[in-house]
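Summary of structural features
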Amino acid sequence: MRRPKALALLLTLGLLATACGGGDDDGAPADGEGAEGFGDPGDCVVVDLAVSSEKASLMAELARAFNGSDAAELPGGACAFARPQTKASGAAASLLSEGWDEGAEGPRPVVWSPASSAWGAIVNQRLADDGGEPIVGEAEPFMQTPLVIAMPEPMADALGYPETPVGWADILRLARSDEGWAAYGHPEWGPFRLGKTNPNFSTSGLSALVAQAYSSAGTTSGLSTEDLADPEADAAARAIESAVVHYGDTTLSFLNNWYRTDQRGTSLTYVSAVAVEEKSVIDYNRGNPDGNLDAGERPEPPRIPLVSIYPEEGTIYSDNPYIVLDAEWVSAEEKEAAAAFEDYLQQPANQRQVLEFGFRPGNPDVAVAAPIVAANGVDPDQPRTLLEAPEPPVMVDLLDRWAEQRKSARVIIALDVSGSMQEAAGPGGETKLDLAKEAAIESLDQFKDDDVVGLRIFTTDLPGGANHQDVVAPAPVGTIREQLRNAIDAQFPRNGTPLYEVVQASFDDAAEAYDENRINAVVVLSDGRNEDGEGSDDGQQLEQLLADLRAAATGELAEPVRIFPIAYGTGADLETLRRIAEATNSTVYDASDPTTITKVFTAVVSNF
């Protein structure tokens, strides 16, 4: 098994989260606002904050209101100056445990506010593994939101919710059912399909993993490594994972696809339930699935709203702790200034702003109110049972076990070897293809041994007149990893870019070999647009391709093959690749900067 251990993977994926702008945190995407946007602090004591993406805008608003106010005055005539920057939780956890490069990442933080305290436990465990001291202590929440199982209202009704409690045990039963929704009188909905994110990226994915483990252990506290090693718990975990449609870095992919299929009237056959934070259900039902309205964008509520199911076994809060780091680079003056900003954040008027964003206030003196109301698919009186955060070694064990328990995949990697891939792209004079080959080779270690992977190259006028060629036939990675490395490394740039033809052929081949027990997918990396030497039929080719993809992704008996395109370099046809991805309820990945391709490739593989 060549898959890296959980914390090593966490480092890679966490760093990637920053590069991709998606972040590990569920809700609005990272806005990328840096510390430089807050002006000159003068003689004030600067409090640099690293905050997770979903609260970046809120924290920035509050910081600007705080700076220069009476609340920022410190004893002795000094003043505090809050300067938040966005850092996805996984990225910040990796940087804090492995070393924070201020040149690349901005100032080292005085305060860290990840989406969940669980990330702090992972930082301390990693530092301890390296012989270091913990830097994350006890902290109060800034705002909170519980993990829920989001489900379309008709499906929740079919289960009898809320009169009949629903929990992870019911999800397990549904996942194991051969009848699927037919057992509830709705064969038209097909099998039960679950949406979960990669726990190495996503706070929701991490929380869902913990909640599942507690459900299997039949307890709400004291989860142990012995509990995780129980064969029945392992079997239950594998059964739940078997119902997953695919993974990914954030829940935004699921929410955006859900919303898009809702507009088409096919949302009930896309996915049956997704583990998300309560705040995401509110945003979705308001008609703003990503929680971030662009200029001129008007929210439009979905045709079928979601219901928040609070698992009867209990759930976990994303508690957004305000952590003043106990690190050697944090001075006593900075800690004092950080405390002043925390006092400001906890003031009732500021905590009411938290509510406006769909979160529950961290200050218990501020009552939960709108928009956390039944009309938005949530229950302000829930959750009634909370789960205890596991000890750090248990968290690491969970992630390591998930790497083997997750659903296996069958993937064709289609690599563009057209002539434009010879363009210089790297700082050392590497070509686009050089960087792409390096990324593809590195990604092979992220597949587990029984994932089936094949390599296809495409360009016009290959030997024999073909426009694509299977260099390595699909087989379990554990048996062909070295063969794949050598085959990728041997590629060189050639002719045109028959993009539509290779996507259609790869999709057809994957559909023919469809395996219901795996995530069936095609990864297409291309730096150009369709150029197959015959442009007169381009439009017809594309429309036929999109129609085939949509047909395969729709319906109760759908056998979906998901296409994950990587738009590589500034010449890539991003819009067309986006249409191809969305036709299969997937996501396009943007690697317009070729030097990011290794990180982007890692993000793509996180879906499997």
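I will try to describe carefully the structure that is included in this document.

Procedures and definitions
- Residues numbered from 1 in each chain as written.
- Predicted model: local features only at pLDDT ≥ 70, side-chain atom pairs only at ≥ 80, totals over all residues.
- Heavy atoms only, no water.
- Pairing = 2+ DSSP bridges.
- Helix = DSSP H or I, 4+ residues; strand = E, 2+ residues; numbered from the N terminus.
- Contact = heavy atoms within 4.5 Å.
- Axes fitted to C-alpha atoms, helices over the stretch in contact; angles between N-to-C directions.
- Disulfide = S-S within 2.5 Å.
- Parallel < 35°, antiparallel > 145°, perpendicular 65-115°, else oblique.
- Nonpolar A, V, L, I, M, F, W, Y, C, P; charged D, E, K, R; others polar.
- Salt bridge = Lys/Arg side-chain N within 4 Å of Asp/Glu carboxyl O.
- Buried < 20%, exposed > 50% of the residue type's maximum accessible area, 1.4 Å probe, protein only.

**Here we look at the sheet that holds strand β3 (residues 111-113)**
Spatially, the five strands line up as an open sheet ordered β2-β1-β3-β10-β4, and their pairing is mixed. Because the sheet does not close on itself, it has two edges, and the strands there are β2 (80-86) and β4 (140-141). One ladder, built from two bridges, connects β4 with strand β10 (residues 321-324); its direction is antiparallel. Within β10, the position partnered with Pro141 by the bridge is Pro321. Along the sheet, helix α2 (residues 56-66) contacts β1 (45-51) and β2; its crossing angle with β2, the most-contacted strand, is approximately 165°.

**Points about the state of the cysteines**
This model, assessed by the stated rule, comprises one disulfide. Linked covalently through their sulfurs, Cys44 and Cys79 form a disulfide whose S-S length is 1.8 Å. As the torsion about the S-S bond is roughly -95°, the Cys44-Cys79 disulfide counts as left-handed. Here Cys44, found in the loop between α1 (6-20) and β1, pairs with Cys79, found in the loop between α2 and β2; they are 35 residues apart in sequence, far enough to count as distant.

**With respect to the packing of helix α19 (residues 538-553) against helix α20 (residues 574-583)**
Two elements in contact, α19 and α20, have axes whose closest approach is 8 Å; the angle formed by their N-to-C orientations is 25°. Considering the angle they form, α19 stands roughly parallel to α20. For the pair formed by α19 and α20, the contact residues are Leu542, Glu543, Leu545, Leu546, Leu549, Arg550 and Ala553 on the first element and Thr576, Arg579, Ile580 and Ala583 on the second. For the contact of α19 with α20, the per-class residue count stands at seven nonpolar, one polar and three charged.

**Regarding the pattern of salt bridges**
One pass over the structure, following the stated rule, counts 25 salt bridges. The shortest N-O distance in the salt bridge between Arg360 and Glu278 comes to 2.5 Å. With Arg360 in strand β11 (residues 360-361) and Glu278 in helix α12 (residues 278-285), the pair connects residues that are 82 residues apart, well separated along the chain. Here Arg360 and Glu278 have matching classes, each one buried.

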